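# Observations on the three-dimensional arrangement
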Amino acid sequence: MSAGDTWRLRPGQAVRYRHWDEECVLYNDLSGDTHLLGDAALELLLTLQHGPTTEAMLAAVLKAQFDIADDELAAETAALLQHMNHLYLIETLAC
Amino acid sequence: MLTVASLTRSQLQTRLAGHGLAVRTGPFTSLIRSPIAYIADGIALLYGDYPLEDAQGFADFHVHLRRSGGVRRWYRPQVHFDVDGLVPFEPLPEAHAFPMLEWALNWCISTRAHAFLMIHAAVVERNGLAVMLPAPPGSGKSTLCAALVSRGWRLLSDELALFRPHDGALVPVPRPVSLKNRSIEVIRDFAPDAVLSQPVSNTTKGTVAHLKAPSASVARAHETTRAAWIVFPKYEAGAATELTPIARARAFLRVADNAFNYSQLGALGFDTLAGIIEQCDSYDFRYSDLDQAMEAFAALEPPR
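Below: a short report on this structure. (Residues numbered from 1 in each chain as written. Chains lettered and ligands numbered in written order. Predicted model: local features only at pLDDT ≥ 70, side-chain atom pairs only at ≥ 80, totals over all residues. Heavy atoms only, no water.)

With 12 residues of chain A in contact, the opposing surface of chain B contributes 15 residues. Between chain A and chain B, roughly 1300 Å² of surface is buried when both sides are summed, and carbon and sulfur atoms account for 63% of that area. Three residues, R16, R18 and W20 of chain A, lead the burial of chain A against chain B; their summed loss comes to 44% of the area buried on that side. There are three salt bridges connecting chain A and chain B. (Contact = heavy atoms within 4.5 Å. Buried area = accessible area lost by both parts, 1.4 Å probe. Salt bridge = Lys/Arg side-chain N within 4 Å of Asp/Glu carboxyl O.)

Moving on, we get to the sheet that holds strand 2 (residues 28-33) of chain B. Residues and elements named next belong to chain B. Spatially, six strands are ordered 3-1-2-4-5-6 in an open sheet, and the strand pairing comes out mixed. Only two strands of the sheet have a single partner each, and these edge strands are strand 3 (52-53) and strand 6 (92-93). Relative to strand 5 (residues 78-83), strand 4 (residues 61-67) is paired through five bridges, and the arrangement is antiparallel. Bridging across to strand 5, H64 finds its partner in D82. Sheet contacts for helix 1 (residues 9-17): strand 1 (21-25), strand 2 and strand 3; angle to strand 1, the most-contacted strand, approximately 100°. (Pairing = 2+ DSSP bridges. Helix = DSSP H or I, 4+ residues; strand = E, 2+ residues; numbered from the N terminus. Axes fitted to C-alpha atoms, helices over the stretch in contact; angles between N-to-C directions.)

The next point concerns empty space enclosed by the protein. All names here are of chain B. Under the definition given, this model contains one cavity of 30 Å³ or more. Its volume calculated, the largest cavity comes out at about 40 Å³. Every residue along the wall of the largest cavity is listed here: V23, T25, S30, I32, I43, Y47 and L105. Broken down by secondary-structure element, the contributors of at least two residues to the lining of the largest cavity are strand 1 and strand 2. Looking at the lining of the largest cavity residue by residue, the classes come out as five nonpolar, two polar and no charged. (1 Å grid on protein atoms, 1.4 Å probe; cavity = no way out; pocket = protein on both sides within 12 Å on 5 of 7 lines; lining within 4 Å. Points joined across faces, edges and corners; volume = space filled by probe spheres on them. Nonpolar A, V, L, I, M, F, W, Y, C, P; charged D, E, K, R; others polar.)

Using the criterion set out here, one finds 22 salt bridges over all chains in the structure. Taking the shortest distance from any N to any O, the salt bridge between E91 of chain A and R10 of chain A comes out at 3.6 Å. With E91 of chain A in strand 6 (residues 90-92) and R10 of chain A in the loop between strand 1 (6-9) and strand 2 (16-20), this residue pair connects regions lying 81 residues apart in the sequence. Exposure remark for E91 of chain A: the relative accessible area of 17% places this residue in the buried category. Since its relative accessible area comes to 18%, R10 of chain A is described here as buried. Linking E278 of chain B and R18 of chain A is a salt bridge whose minimum nitrogen-to-oxygen distance equals 3.0 Å. Pair noted here: E278 of chain B is in helix 10 (residues 267-279) and R18 of chain A is in strand 2, and the two residues belong to different chains. The class of E278 of chain B is partly exposed, set by a relative accessible area of 39%. Each member of the salt-bridge network shares a partner with another, and the members are E125, R154, R220 and E223 of chain B. (Buried < 20%, exposed > 50% of the residue type's maximum accessible area, 1.4 Å probe, protein only.)

On to the state of the cysteines, then. For the structure on display, the rule yields zero disulfides over all chains. Not part of a disulfide, C24 of chain A finds its nearest cysteine sulfur in C280 of chain B, a span of 20 Å. Taking the relative accessible area as the measure of exposure, C24 of chain A reaches 0% and is therefore buried. (Disulfide = S-S within 2.5 Å.)

This part takes up the nonpolar core. Residues and elements named next belong to chain B. Core analysis: the largest hydrophobic core is formed by 75 residues, its most contacted members being I43, L144 and F297. Of all the elements, helix 4 (residues 97-112) adds the most residues to this core, at 10 residues. If near-sequence neighbours (up to four positions away) are discounted, F297 is found in contact with V131, L133, L144, L148, W153, V231 and F285. Within the second largest apolar cluster, 31 residues are counted, among which are M132, L156, F163 and F252. (Core = buried A, V, L, I, M, F, W, Y, C linked by side-chain atoms within 4.5 Å.)

Looking now at the sheet that holds strand 5 (residues 53-54) of chain A. Residue and element names in this part refer to chain A. Reading across the sheet, the three strands line up as 5-1-6 and stay open at both edges, with antiparallel pairing between neighbours. Of all strands in the sheet, those with a lone pairing partner are strand 5 and strand 6, marking the two edges. Against the sheet, helix 3 (residues 70-86) makes contact with strand 1 and strand 6, and its axis sits at roughly 110° relative to strand 6, the strand it touches most.

Every regular strand shows the same layout, with side chains that alternate between the two sheet faces. Residue and element names in this part refer to chain B. Extensive coverage of strand 7 (residues 117-126) is indicated by the burial of nine of its 10 residues. Judged from the four bridges that link them, strand 7 and strand 10 (residues 160-163) form a sheet pairing that is antiparallel. When the sheet's bridge partners are listed, I119 is paired in strand 10 with A161. Inspection of the sheet shows strand 7 paired to strand 8 (residues 129-134) by six bridges, in the antiparallel sense. Across the sheet, residue R126 finds its bridge partner in strand 8, namely L129. Following strand 7, the chain reverses through two residues before pairing antiparallel with strand 8; N127 in that reversal takes a positive phi of roughly 55°.

Shown next as C-alpha cells:
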C-alpha cells in the first residue's frame, strides 16, 4: 500500500453505525460483526461513502478534522486504513 | 380466565400425564407433558397464577419429560426431555426433573423465539421504567433479581430479556427465579415470606431452588414496558456498593455479548440494540449487601 492508493468501501457495506461520546459501533454487513471504532475511523468511512478516495486525500480529511502532527499523519492514516481493510470494511483499488 | 390453581392436584397430575397441561407464560404457551410427580409438585407450587390454555389448541412449545424405560427406572430413575422429537439434553436423575423443566423452557425460548432480540438478562420494572441486568452465571444476577421483586419491583424475567424489534418494547415472560447454592439461603433470609421450591442438590449447577414469581407480575404479563437502565451486576464478598457509568458504545458490545440471537438477527439486531442503548443509562454495579443494593436501585435517576 502507498499514499497513492485509492480506497473504497467494500461493495455491500452500508456504513450502518451509531455514534456516542467519541466512539461508534458499526455493523459490518459483510461479516455480520459489530466493531467499536473511534471518530477518525468513522470519518474515513463516511468520506468513502461518497466514493473512492486516494490515501493522500483521506489523510487530508483527517488533518482537517483531528489534531494529528504532520510527521505522524501518513502513518496514522495508513494504520487506520489497514485496520479497516482487515475488518473487511474497505479495500484498495490498487493492483 | 382459568389458572393452574383452579385444578385439583389430581386433575393437574392427570392432565400432565395425559394430553398435557397448556400453560401461558407471557407471549408463549407451553404444552407440558410428564408423569413425574416432581413436575406436578413444582407446577402446583410455582405456577398456580398462570393462565391455562386449551391443551388441544396451539402451543409454541411441546415439552415432554419422561422417565427412563427398562430396568433402569427401578434402580436409578432418570428424566429425559424432548421437544418436537429433539432431545437436546442428557438425561438427569429423576429428582432433578423440575429444574430440568425450567431449563427446558428457557432452552425452548432461547433457541426459537427469534421474533425477539433475546438477551441473557434479568429484567425488573418499577413506575414504568425497566432495568435490565445482563450477566453471565455467577454474577449474582438472579439473587439481585429475586431481592428486587421481593421489594416491589415487577418481574419481567429472570433469564431472558425479550425486546420487540419494531418498537424496542420489553415483553415480559415472568417465570420462577432460579436460585443457586448460597443464594437460596440469602433470599430465604432477605425475604422470609417468599415461596421457594424444595432445593434440589447435585445438579450441574449445584443446589438449585426456584422462587415463585409474584402474583402481580404474572397478572401483568401482557403489559410491555421500556428499558431505562442497563446494569451489569457483580457480586463480590465485602465489596462496597458502587455504580459506575459505562459509555454507550462499550455497553452496546457488552449487551451484544450477552445476547442469544444478536448475530442471527443481523442488521435488525444492530438497530434494535442501538435503540435500546440510546434510551438507557448503563452501569457496572458491584455489591455485597442486598439492602444497600436495594437503595441504589431505588435511587436510579431516569435517563435524560
